[in-house]
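Residue-level structural notes
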Amino acid sequence: NRVSAVAAFAAEQWEPTVTAMDIAGRADIALVSIPANADLAGLVQALVREIGGGADRALGRAQQGLDAVLRAEIAGASLDRLRDSVSRALGTPVDFRARAPSNGAVALAADGNGVLAADGNGVLAADGTPALGVVSSTMTGPGVALTEVSVPVLVGDTLIGQFTAPEAHGDLAVAARLVLHNAAAAAGRLLDLARQAREVPARSRSELLAELLMSDSAINEDLLDRARQLNIALAGWHVAVRIEADDLDGSSPDEVRRFELLESAGQIALQAAAAAGGTWHLSRVARAIVLIRVTGSDPGPQAGAQAARSATRALQALGGRVPAVAFRAGVGAPHEGP
């Protein structure tokens, strides 16, 4: 009867039986799974656009792609989920290519599905700025080139990678570029929100600890309440490690660069100290990095020696990652309460 396709409306993805797929394969019939709540009028229009091709088809793909990006951003999707949604909507594979980290790069966690390097090799325009859209060719064999569209993904001003898709032609190429640019912008916003969600509580804890360390007066109820909200156990036992740079002014004449160096050094020291276990918090007092280990009970006479070993690990990590600056550390005695 010259049937081209059989469609099933189902709440979940339709999984035809092996027999049905075998029959459909021999008869060259497509088997289509359609969401149960799909709008029939819209479905028919989409089919007509796909069959007709040309500008109508490209416009339909673009609309599907933009709707997919909007839904993913509203849902707070991960980078992988956003990429998969756009790929399905466009009907073409979309990949995310992270920038390769260079020596000493600090990784930027993008979401739960991976780590994106904050620097490395990427696609740049002639003036050195991130390119807004690049068509490149990759050699896949002798004389065979695969052409693709590449759109940069920026978190703030940092280029972290590109969305790529095979190069289409005509109106479909315009639709693909439009959707990829929109997806890249959404990815940047989602990753920036994720970064803020990680950094803001940590910065709040750091500032509160600095207030406590510098306070000459009794700890008031406001500080205690803020500590509880930030999950800092002030009622426990604490051991502090203070780290300073020997010649910070000589490392850079720029105060902004010195601030960035201390910010990075603090994170490196915290990761190294926490690698051996225990609960550690990071703070800054003036130009000193302060690491504080918190325990729920008296850590005993070995607490100082354990903290000294953690300080040694932190200094070793700093020596490997920031070799241009010499750091030294001091360890305090265990102290109970705020």
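See above for the structure.
Residues numbered from 1 in each chain as written. Predicted model: local features only at pLDDT ≥ 70, side-chain atom pairs only at ≥ 80, totals over all residues. Heavy atoms only, no water.

1. Quick word on the pairing of strand β2 (residues 30–35)
Sheet analysis places strand β1 (residues 5–10) next to β2, joined by 6 bridges and oriented parallel. The partner of phenylalanine 9 across the bridge, within β2, is isoleucine 34. (Pairing = 2+ DSSP bridges. Helix = DSSP H or I, 4+ residues; strand = E, 2+ residues; numbered from the N terminus.)

2. Things to note about the packing of aromatic side chains
Scanning the model with the defined rule gives 1 aromatic pair in all. Taking the centre distance of 5.8 Å and the plane angle of 75° together, the rings of phenylalanine 96 and phenylalanine 163 count as edge-to-face. One end of the pair, phenylalanine 96, is in strand β3 (residues 95–98); the other, phenylalanine 163, is in strand β8 (residues 158–166), and 67 residues separate them in sequence. With relative accessibility at 17%, the residue phenylalanine 96 sits in the buried group. (Phe/Tyr/Trp six-rings, centres within 6.5 Å; stacked < 30°, edge-to-face > 60°. Buried < 20%, exposed > 50% of the residue type's maximum accessible area, 1.4 Å probe, protein only.)

3. Quick look at the layout of surface pockets
As a volume, the second largest pocket reaches approximately 660 Å³. Looking at the lining of the second largest pocket, the elements with two or more residues in it are β1, β2, α2 (40–52), α3 (54–74) and α4 (79–90). For the lining of the second largest pocket, the element with the highest residue contribution is α2, accounting for 5 residues. Tallied by class, the residues present in the lining of the second largest pocket amount to 13 nonpolar, 6 polar and 5 charged. (1 Å grid on protein atoms, 1.4 Å probe; cavity = no way out; pocket = protein on both sides within 12 Å on 5 of 7 lines; lining within 4 Å. Points joined across faces, edges and corners; volume = space filled by probe spheres on them. Nonpolar A, V, L, I, M, F, W, Y, C, P; charged D, E, K, R; others polar.)

4. Topic: the nonpolar core
Ranked by size, the top nonpolar core spans 27 residues in total, and within it Val69, Leu82, Val86, Val94, Val153, Phe163 and Leu180 carry the most contacts. Among the elements of the structure, α3, α4, β7 (144–155), β8 and α5 (171–214) are those that each provide at least two residues to this core. For this core, the leading source of residues is α5, giving 9 residues. Every residue in contact with valine 86, bar those within four places of it in the chain, is listed here: Ala68, Val69, Val94, Val179, Leu180 and Ala183. Leu248, Leu261, Trp280 and Ile289 belong to the second-largest nonpolar core, a separate cluster that totals 24 residues. (Core = buried A, V, L, I, M, F, W, Y, C linked by side-chain atoms within 4.5 Å. Contact = heavy atoms within 4.5 Å.)

5. What to know about the packing of helix α8 (residues 255–274) against helix α9 (residues 303–321)
The relative placement of two packed helices is expressed as an angle between their axes plus a distance between the axes. Two numbers describe how α8 lies on α9: the axes approach to 8 Å, and their chain directions differ by 135°. It follows from the interaxial angle that α8 and α9 lie oblique. The two elements α8 and α9 meet at a crossing, and its hand is right-handed. Residues Ala265, Ile268, Ala269, Ala272 and Ala273 of α8 form the contact with α9, whose own contacting residues are Ser310, Arg313, Ala314, Ala317, Leu318 and Arg321. (Axes fitted to C-alpha atoms, helices over the stretch in contact; angles between N-to-C directions. Parallel < 35°, antiparallel > 145°, perpendicular 65-115°, else oblique. Left-handed = near helix turned anticlockwise from the far one by under 90°.)

6. As for the pattern of salt bridges
Taken as a whole and assessed by the stated rule, the structure comprises 8 salt bridges. A salt bridge links glutamate 244 to arginine 328, with the shortest nitrogen-to-oxygen separation between them at 3.7 Å. Taken as a pair, glutamate 244 in strand β9 (residues 237–245) and arginine 328 in strand β12 (residues 327–331) lie far apart in primary sequence, 84 residues in all. Owing to a relative accessible area of 24%, glutamate 244 belongs among the partly exposed residues under this scheme. Among the ionic contacts, a cluster of salt bridges with common partners joins Arg242, Glu244, Asp246 and Arg328. (Salt bridge = Lys/Arg side-chain N within 4 Å of Asp/Glu carboxyl O.)

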